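Observations on chain architecture
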Amino acid sequence: DAKSGTEVDATLNSDGTFTVEQDGLSKNQTYYYCTFVTLQGKVSYYGDVKSFVTTDASVTTTPASDIGANKATFGGQLNEIGNLPGSATLSAGIKVSMSKDETALIGGKDIPLSDVSSATSGKAFSVTQQGFLPATKYYYVAYMKLNDGYILGKIDSLTTADSQTQFVDLGLSVKWAKTNIGASSEEEAGGLYGYGDPTGLLENTDAAYATGDITGSSLDIAMASASGGRLPTVTEAQELVNKCTFSDTTVNDVSCFKVTGPNGNSIVVPKAGNRSSQTISGEGSEAYLWTGSIDPNS
């Protein structure tokens, strides 16, 4: 019940955020909490009820390895998990952000373990993630999540390798990149990015990252990747569709479209599907390309 329990007053920061600390809690116990605000001492409004588990557990962040221009392998280890309440839910993985601020990391890209049972106490885990931008610094941390509460390891950082993008003349008004952003070969999916997200890390389905045309702007993921290119306009994308021939092909066991231009040159577009939050659909059967401007007809 949001209206019961102990109230802990807080001081509001200038940006509207606040934090509180509470002592005297019991170990291995589930606690429920929510935020509230009381106006003029009379009317109170309550946020969603969440929960956390008090524990002596800790997390170790392993230095990243196999760092490329667009991918890296991260690792960690959970320690002293102990006896958790039967209702506790456990997940683990890596958080990645372009900021080393702890709040930004918790809200950053979540790279979860596909098999949480492998993240047992004292057993190291690792996970490889693709879709990063080349020559870019990222901060990362291993985490364990008990209900809604996070336990973080030590924050570390890496810088991805530089990469040169090749462009192909298809006989159109512009040249087209040989690879996707965040990919090192033509058949790799790269990153499935949100419109107007220049970091490539945002996954909130409720957020409107950008509105209007972004081609060549600071919100253009291709510009942010230092690829030497930009997102196409609607007109340029229509030219690609109308003047090129699309055919099914397979590259290194990856289902793709071969796009052949009027001059006979071609590029390959992997059927990477689309992403909503962390859920990918259409992989292996559908291919989508972002434009950097809005289609006035749709």
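Source: prediction; values computed, not measured.

About the thresholds
- Numbering of residues starts from 1 in each chain and follows the order in which that chain's sequence is written.
- For this predicted model, a pLDDT threshold of at least 70 governs which residues receive local features, and a threshold of 80 or more governs which side-chain atom pairs are given and counted, while totals over whole chains, interfaces and linings are taken from all residues.
- Side-chain numbers here rest on the full set of heavy atoms in the structure, without hydrogens or water.
- Helix and strand definitions here come from DSSP, where helices need a minimum of 4 consecutive H or I residues and strands a minimum of 2 consecutive E residues; each element is numbered from the N-terminal end.
- Think of it in three bands: with a 1.4 Å probe and only protein chains considered, a residue is buried below 20% of the maximum accessible area for its type, exposed above 50%, and partly exposed in between.
- What makes two residues a contact is simply this: any of their non-hydrogen atoms within 4.5 Å.
- To be clear on the numbers: accessible area is Shrake-Rupley with a 1.4 Å probe, and residue cover counts the displayed protein chains and nothing else.
- The convention is simple: Lys and Arg are positive, Asp and Glu are negative, and His and the chain ends are not counted.
- Charge positions are represented by NZ for Lys, CZ for Arg, CG for Asp and CD for Glu.
- Planes of paired rings set the category: under 30 degrees apart is stacked, over 60 is edge-to-face and the rest tilted, where pairs are Phe, Tyr or Trp rings (Trp by its six-membered ring) whose centres lie within 6.5 Å.
- Think of it as a cone above the ring: NZ of Lys or CZ of Arg counts as a charge over the ring if it is within 6 Å of the ring centre and within 35 degrees of the ring normal.
- Cavities and pockets were defined on a 1 Å grid built from protein atoms only: a cavity is a group of points that admits a 1.4 Å probe but offers it no way out, a pocket is an open group of points flanked by protein on both sides within 12 Å along at least five of seven lines, and a lining residue is one with an atom within 4 Å of any such point.
- Grid points are joined across faces, edges and corners, and a volume is the space filled by probe spheres set on the points.
- Note that Gly is not counted as nonpolar here; it falls among the polar residues with everything else outside the nonpolar set of Ala, Val, Leu, Ile, Met, Phe, Trp, Tyr, Cys and Pro and the charged set of Asp, Glu, Lys and Arg.
- Buried residues of nine kinds, namely Ala, Val, Leu, Ile, Met, Phe, Trp, Tyr and Cys, make up a nonpolar core once their side-chain atoms join them within 4.5 Å.
- By this definition, two strands are paired if DSSP reports at least two bridges between them.
- Here the axes come from fitting lines to C-alpha atoms, over the contacting stretch only for helices, and the angles between their N-to-C directions go from 0 to 180 degrees.

Right, let's get into the overall build of the protein chain. Within the protein chain, the regular secondary structure consists of three helices and 19 strands. For the protein chain, the residues scored as buried account for 35% of the 298 residues in total. When contacts within the protein chain are restricted to residue pairs at least 6 apart in sequence, long-range pairs at least 24 apart make up 55% of them. Surface summary for the protein chain: the accessible area is close to 16,800 Å², and the carbon and sulfur share equals 47%. Put simply, the protein chain has 19 plus and 33 minus side-chain charges, and the middle of one group is 2 Å from the middle of the other.

Let us now look at the packing of aromatic side chains. Applying the stated rule across the entire model yields nine aromatic pairs. On the basis of an interplanar angle of 20 degrees and a centroid distance of 5.8 Å, the ring pair of Tyr31 and Phe52 is categorised as stacked. One end of the pair, Tyr31, is in strand 1 (residues 30-33); the other, Phe52, is in strand 4 (residues 50-53), and 21 residues separate them in sequence. Given the relative accessible area of 24%, Phe52 is considered partly exposed. Measuring from ring centre to ring centre gives 6.4 Å for Phe246 and Phe257, while their planes differ by 75 degrees; the resulting arrangement is edge-to-face. Of the two residues, Phe246 is situated in strand 15 (residues 245-251) and Phe257 in strand 16 (residues 254-260); the sequence distance between them amounts to eleven residues. Phe246 sits in the partly exposed class, given a relative accessible area of 38%. According to the relative accessible area criterion, Phe257 is partly exposed, its value standing at 23%. Grouped by ring-pair contacts, the aromatic residues Phe74, Phe132, Tyr138 and Tyr140 constitute a single cluster. One residue, Lys95, lies across the ring of Tyr143, its end atom 5.9 Å from the ring centre.

Here we take up the layout of surface pockets. By volume, the largest pocket amounts to about 2,200 Å³. In terms of lining residues, the largest pocket is bounded by 46 residues, among which Val20, Tyr33, Cys34, Thr35 and Phe52 are the most central. Contributing elements (two or more residues each) for the lining of the largest pocket: strand 1, strand 2 (36-39), strand 4, helix 1 (102-106), strand 10 (137-146) and strand 11 (149-152). Ranked by the residues each element gives to the lining of the largest pocket, the list is headed by strand 11, at four residues. For the lining of the largest pocket, the per-class residue count stands at 22 nonpolar, 14 polar and ten charged.

Further remarks concern the nonpolar core. Residues Phe74, Leu78, Ile94, Val96 and Met144 are the most contacted members of the largest nonpolar core, which totals 32 residues. If one sorts the elements of this core by residue count, strand 10 sits on top with five residues.

Next up on the list: the sheet that holds strand 16. The strands making up a sheet are joined through hydrogen bonds of the backbone, oriented either antiparallel or parallel. As summarised here, the arrangement of the three strands in space is 15-16-17, forming an open sheet in which the pairing is antiparallel. Edge strands, defined here as strands with exactly one partner in the open sheet, are strand 15 and strand 17 (266-270). Here the average twist between neighbouring strands, direction ignored, is 35 degrees. With five bridges joining them, strand 16 and strand 17 adopt antiparallel strand pairing. Bridged to Thr260 within strand 17 is Ser266.

Owing to its 3.6 residues per turn, the α-helix aligns residues three or four sequence positions apart on the same side. Taken together, the buried positions of helix 3 (residues 234-243) are Val234, Glu236, Ala237, Glu239 and Leu240. Next to the buried residues of helix 3 lie strand 14 (176-177), strand 15 and strand 16.

As for its position among the elements, Val269 is in strand 17. With a relative accessible area of 10%, Val269 lands in the buried category. Sequence separation of Val269 and Glu188 is 81 residues, and the distance between their C-alpha atoms is 8.8 Å. Once residues lying within four places of it in the same chain are set aside, the contact partners of Val269 are Cys256, Phe257, Val259, Ala287 and Leu289.

As for its position among the elements, Gly200 is in the loop between strand 14 and helix 2 (221-224). In sequence terms Gly200 and Lys175 are 25 residues apart; their C-alpha atoms lie 23 Å from each other. Discounting residues that sit within four places of it in the chain, Gly200 has contacts with Tyr193 and Ile221.

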